[in-house]
Amino acid sequence: MKLSVISFFFCLCSGVCFAQEEEPDFVENDSEKNSVRIGIGIGHSHITKDGGEEKFDLSVASFYFDADYWVTNSFALGVQTDLTMEDFVVEEHVGEEENQALESEKPISVVPVLIYKPIKNVMLIGGYGEEFCKNESFSIIRAGIEYGMHLPKHWEFGISMI
């Protein structure tokens, strides 16, 4: 009798409980593999000008468009495109003493990049591309760092220094 009472209470107390079971509204997925990230923005392009005795930087407004495809959670392939909104003059050194002035009229740059994410939210960016303008094209080497914070609904806020 004593064994049957203990068995009854044990069976009564050992049921499966389903308390507070509810699906969360937002489930964050840390995997970026096979995802595409698109960015648009406005910024400034800094151009170093040599004014004879003094050198100074020219800051011109530019729009950008970026598209990245994440091959793994740490590596992505992308294209970064910049549209500079002002005209400026670039000096090309032809000979030892000779300089030729080239006018860049609203150049567009296209740079394929490789992105590496060493730690969460921090991305290192590097690539080589071309700046296309009416008169002549120039080569561009791009290197930078970006910090991105994930927001709800698959959005991301990022700050970059390129």
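The following refers to the structure shown.

What counts as what
Residues numbered from 1 in each chain as written. Predicted model: local features only at pLDDT ≥ 70, side-chain atom pairs only at ≥ 80, totals over all residues. Heavy atoms only, no water. Phe/Tyr/Trp six-rings, centres within 6.5 Å; stacked < 30°, edge-to-face > 60°. Helix = DSSP H or I, 4+ residues; strand = E, 2+ residues; numbered from the N terminus. Buried < 20%, exposed > 50% of the residue type's maximum accessible area, 1.4 Å probe, protein only. Lys NZ or Arg CZ within 6 Å of the ring centre and 35° of its normal. Contact = heavy atoms within 4.5 Å. Salt bridge = Lys/Arg side-chain N within 4 Å of Asp/Glu carboxyl O.

### Structural notes on the packing of aromatic side chains
For the coordinates displayed, the defined rule picks out one aromatic pair. With 5.0 Å between their ring centres and 35° between their planes, Phe75 and Tyr116 make a pair best called tilted. Within this pair, whereas Phe75 is found in strand β3 (residues 75-84), its partner Tyr116 is found in strand β6 (residues 108-119), the two being separated by 41 residues in sequence. Classification of Phe75 by relative accessible area gives partly exposed; the value is 38%. Among the residues examined, Tyr116 registers a relative accessible area of 34% and is labelled partly exposed. Above the ring of Trp70, the side-chain terminus of Lys117 is found at 5.1 Å from the ring centroid.

### So, the side chain of Lys117
You can see Lys117 is positioned in strand β6. The residues touching Lys117, leaving out its near neighbours within four places in the chain, are Glu32, Trp70, Asn73, Ser74, Val122 and Met123.

### A word on the pattern of salt bridges
Across all of its chains, the model carries four salt bridges by this definition. Linking Arg37 and Asp68 is a salt bridge whose minimum nitrogen-to-oxygen distance equals 2.5 Å. Placement of Arg37 in strand β1 (residues 36-51) and of Asp68 in strand β2 (residues 54-70) is noted, with a sequence separation of 31 residues between them. Residue Arg37 is joined to Glu146 by a salt bridge in which the shortest nitrogen-to-oxygen separation is 2.8 Å. Taken as a pair, Arg37 in strand β1 and Glu146 in strand β8 (residues 138-151) lie far apart in primary sequence, 109 residues in all. The class of Arg37 is buried, set by a relative accessible area of 17%.

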